[in-house]
Every structure is written in C-alpha cells, then in structure tokens.
Amino acid sequence: MRSVTSRATSFCRLCASSCGVLLDIEDGRITRVLGDAHHPISGGYTCPKGRRGGDLVHGPDRLTTSMWRRRPPISRAGCAPSWIGTDRMR
C-alpha cells in the first residue's frame, strides 16, 4: 500500500515565539518538522524542541483521555472531556 505524503504550514506552540514550521505528514502522522523560511519572525529557524514536535504529538506517553487522580493508580475518568459539547451552549 502506498503512503500518502503531504506538507502543511503551521507554527510551533511550545513557546511564545510561535516559529513558523512546515510539517511533513505521512499516513496522518507527522514525520518531519522543518523551519518555514517564509515566516516573518523566525525566518526558517526552529529550536531543537520545535523540531521534535512530532514526537510530542504521537508519543506513547501523551494523554488522550481525561484521567482521575484519586489514589494510585491513576485511571481513566470514563466520561467525555469537559470541553466537548460546549459549542452547543449559548
């Protein structure tokens, strides 16, 4: 099966500088992060943390569900996160 590769333009959110980045995406996963030379502030520069941004998004230790910390061990909350459904509140 052939993998689909695309490039997206975004910015890094790890600090207040918001450096411009180009993301190589393959099969829905970030495979490489490059500096965006056309970004008006960073001009193509990215720090080491920013270049490893894909590891943060797809890392095995990333929380993907709400958790309870009552007593060890930490367990899943078993309910939707609090922000889900807020678009219906007006």
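Each chain has its residues counted from 1, following the order in which its sequence is written. The predicted origin of the model limits local features to residues at a pLDDT of at least 70 and limits the giving and counting of side-chain atom pairs to 80 or more, whereas totals for whole chains, interfaces and linings rest on all residues. No hydrogens and no water enter the side-chain calculation; it runs on all heavy atoms of the structure.

**Description of the confidence of the model for the protein**
Interpretation of this model should avoid reading the predicted coordinates in detail wherever pLDDT is low.
Moving on, step 1. Confidence in the prediction for the protein averages 81 pLDDT; 71% of positions are at 70 or higher.
Moving on, step 2. How sure the predictor is of each residue is captured by pLDDT, a score from 0 to 100. Counting from the N terminus, the helices are the DSSP runs of H or I reaching at least four residues and the strands are the DSSP runs of E reaching at least two. Across the protein, element-level confidence peaks in strand β2 (residues 20–26) with a mean pLDDT of 94 and bottoms out in strand β5 (residues 75–76) with 65.

**Some thoughts on the layout of surface pockets**
Moving on, step 1. When its volume is computed, the largest pocket comes out at roughly 250 Å³.
Moving on, step 2. Listed by contribution, the elements that provide at least two residues to the lining of the largest pocket are β1 (5–11), β2, β3 (29–35) and α2 (53–58).
Moving on, step 3. Among the elements that take part in the lining of the largest pocket, α2 stands out by supplying 4 residues, more than any other.
Moving on, step 4. By residue class, the composition of the lining of the largest pocket is 9 nonpolar, 4 polar and 1 charged. A 1.4 Å probe that fits into a set of points on a 1 Å grid over the protein atoms alone but cannot get out defines a cavity; an open set with protein on both sides within 12 Å along at least five of seven lines defines a pocket, and lining residues are those with an atom within 4 Å of a point. Grid points are joined across faces, edges and corners, and a volume is the space filled by probe spheres set on the points. Note on residue classes: Ala, Val, Leu, Ile, Met, Phe, Trp, Tyr, Cys and Pro are nonpolar, Asp, Glu, Lys and Arg are charged, and everything else, Gly too, is polar.

**Notes on the environment of L14**
Moving on, step 1. Along the chain, L14 turns up in the loop between β1 and β2.
Moving on, step 2. For L14, a relative accessible area of 40% gives the class partly exposed.
Moving on, step 3. Contacts are residue-level and defined by heavy atoms, with any inter-residue pair within 4.5 Å sufficient. Apart from the residues within four sequence positions on either side, L14 is in contact with K49, G50 and L56. Each residue is assigned to one of three classes by its accessible area relative to the maximum for its type, calculated with a 1.4 Å probe on protein chains only: buried under 20%, partly exposed between the two thresholds, exposed over 50%.

**Things to note about the packing of aromatic side chains**
Moving on, step 1. Each pair of aromatic rings taken from Phe, Tyr and Trp, with Trp reduced to its six-membered ring, is defined by centres within 6.5 Å and is described as stacked if the planes are under 30 degrees apart, edge-to-face if over 60, and tilted in the remaining cases. Applying the stated criterion to the full structure yields 0 aromatic pairs.
Moving on, step 2. By the criterion adopted, a ring carries a charge over it if an Arg CZ or a Lys NZ lies within 6 Å of its centre and within 35 degrees of its normal. Lying over the aromatic face of F11, R13 brings its terminal NZ or CZ to 4.3 Å of the ring centre.

**Brief notes about the pattern of salt bridges**
Moving on, step 1. Whenever Lys or Arg places a side-chain nitrogen within 4 Å of a carboxyl oxygen from Asp or Glu, that contact is recorded as a salt bridge. On inspection of all chains with the given rule, the structure shows 3 salt bridges.
Moving on, step 2. The partner of R7 in a salt bridge is D24, and the shortest N-O contact between them spans 2.7 Å. Of this pair, R7 sits in strand β1 while D24 sits in strand β2, and the two are 17 residues apart along the sequence.

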